Every structure is written in structure tokens, then in C-alpha cells.
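Residue-level structural notes
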Amino acid sequence: MHVGDRILAVNHIDIMNLHHGDIVNLIKDSGYSVTLSIGPPLGPEARPSGSNHLPASEWYEMVVTLVRQETGFGFRIVGGTEEGSQVSIGHIVPGGAADLDGRLCTGDEIVSVDNQSVLSTSHHHVVQLMGHAASNGRVTLGIRRRVPANQ
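Residues numbered from 1 in each chain as written. Predicted model: local features only at pLDDT ≥ 70, side-chain atom pairs only at ≥ 80, totals over all residues. Heavy atoms only, no water.

The protein chain has the name PDZ domain-containing protein in an unreviewed UniProt entry, where Ladona fulva is given as its organism.

Have a look at this one:
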């Protein structure tokens, strides 16, 4: 394993559409031995050197607008240039705005916040943008999701 690698499966169970808490429980329930299927990072470090273009056939892109609830937008972010990765959705809060909307998934990369590009941006900067969006009561996210090669 390397920094930035993604866990794709735990004990041969695909985790791409599971909530963070469910994944943690799979690992905890494994006892003394766990089998992880690992994939390469999705961020800029996964691209060939000097390449900023991603083939459209490998990514699904969408725009999602969420209205802030009392508890927030209902997701946590991970990654950023500090970690050598693209900022992405790390956890969907059950019952939160993102969960109720149903379009975001753990691992989705955030490419824009309120029409401002956040490609190759720090975690801290995205948190600032999200804070500004929270004060406005809504956020519009540009999202990209890797499409498996067999689709």
C-alpha cells in the first residue's frame, strides 16, 4: 500500500457504495485478519506526468446542489494537496442533506464548489469555500466519479 491508494473491497466485499461506518464495521468484524483490495489514487498523482486531461469515457461528471440543513450539508471531505490527492467525499452522514439527495457517494471527487474550480486545491481552501456556502444556505458542487472500465 502507498499513501493515496484507495481501498476498493474489504474481505472481497465491494465498498464503493457503502457508508464509512459500514466499512469500519467490516474491518472491525474481520478479527485478526483482513483482506483489502487496493486501487490506485484517483487524484492528480494517478495521471501521467504532465497530463491534466482525463478521458471523458473514464469519468462520470455531475452537478449537485444541496440545501444546508441544521446539521450541515451532510458529508465530510477528505484529501487535498496536503495529502497529495484531490479533495473528495469521505463520508455521507446518514439522514443528512447529501444522503437524502442520494446522488453523492463516498469517493466522489469534488472538482468545483459554487462554480469555483477546486482541482489540485488544499483541503483547507475547500473547507473555507464550504463555510461560505453554509452561510448562504446552499452549495453547488461539481463532482466526478470514476466509471469502472467494464461499463
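**Observations concerning the confidence of the model for the protein chain**
Parts of the prediction with low pLDDT should not have their coordinates interpreted in detail. Summing up the model confidence of the protein chain, the mean pLDDT is 82 and the portion of residues at 70 or higher is 82%. Ranking the helices and strands of the protein chain by mean pLDDT puts helix α3 (residues 123-136) first, with 95, and strand β3 (residues 36-39) last, with 75. Segment residues 44-57 is flagged for pLDDT under 50; beyond a separation of four residues in sequence, or across chains, it makes twelve contacts in the model. (pLDDT = per-residue confidence, 0-100. Helix = DSSP H or I, 4+ residues; strand = E, 2+ residues; numbered from the N terminus. Contact = heavy atoms within 4.5 Å.)

**Focus: the sheet that holds strand β1 (residues 6-10)**
Spatially, three strands are ordered β2-β1-β3 in an open sheet, and the strand pairing comes out antiparallel. The sheet is open, and its two borders are formed by β2 (13-14) and β3, each paired with just one other strand. Judged from the two bridges that link them, β1 and β2 form a sheet pairing that is antiparallel. Within β2, the residue paired with V10 across the bridge is I13. (Pairing = 2+ DSSP bridges.)

**Focus on the pattern of salt bridges**
On inspection of all chains with the given rule, the structure shows three salt bridges. The partner of E109 in a salt bridge is R144, and the shortest N-O contact between them spans 2.6 Å. With a gap of 35 residues between them, E109 in strand β7 (residues 109-113) and R144 in strand β9 (residues 138-146) connect regions that are remote in the sequence. (Salt bridge = Lys/Arg side-chain N within 4 Å of Asp/Glu carboxyl O.)

**Some points on unusual backbone geometry**
Excluding glycine, a negative phi dihedral is what most residues carry, and trans is how most peptide bonds are arranged. Here D114, not a glycine, exhibits a phi torsion of approximately 50°, which is positive. Examined against the element boundaries, D114 turns out to sit in the loop between β7 and β8 (116-117). The exposure class assigned to D114 is partly exposed, which follows from its relative accessible area of 32%. A positive phi is found at S120, a non-glycine position, where the angle reads about 55°. Assignment of secondary structure puts S120 in the loop between β8 and α3. Among the residues examined, S120 registers a relative accessible area of 48% and is labelled partly exposed. (Buried < 20%, exposed > 50% of the residue type's maximum accessible area, 1.4 Å probe, protein only.)

**Let's talk about the nonpolar core**
Residues F75, L104, I110, V113 and L141 are the most contacted members of the largest nonpolar core, which totals 21 residues. When residues of this core are traced back to their parent elements, those giving at least two are β4 (59-67), β5 (75-80), β6 (85-92), β7, α3 and β9. (Core = buried A, V, L, I, M, F, W, Y, C linked by side-chain atoms within 4.5 Å.)

**Structural notes on the pairing of β7**
Among the five residues in β7, five count as buried, and that is most of the element. Pairing analysis gives four bridges linking β7 to β9, with the strands arranged antiparallel. Directly across from V113, in β9, lies its bridge partner L141. Of the strand pairs in this sheet, β7 and β8 are connected by two bridges, and their pairing is antiparallel. Along β8, the bridge assignment pairs V113 with Q116. Taking the residues that link successive antiparallel strands as the turn, the β7-β8 hairpin has two residues, and the phi of D114 there is positive, at about 50°.

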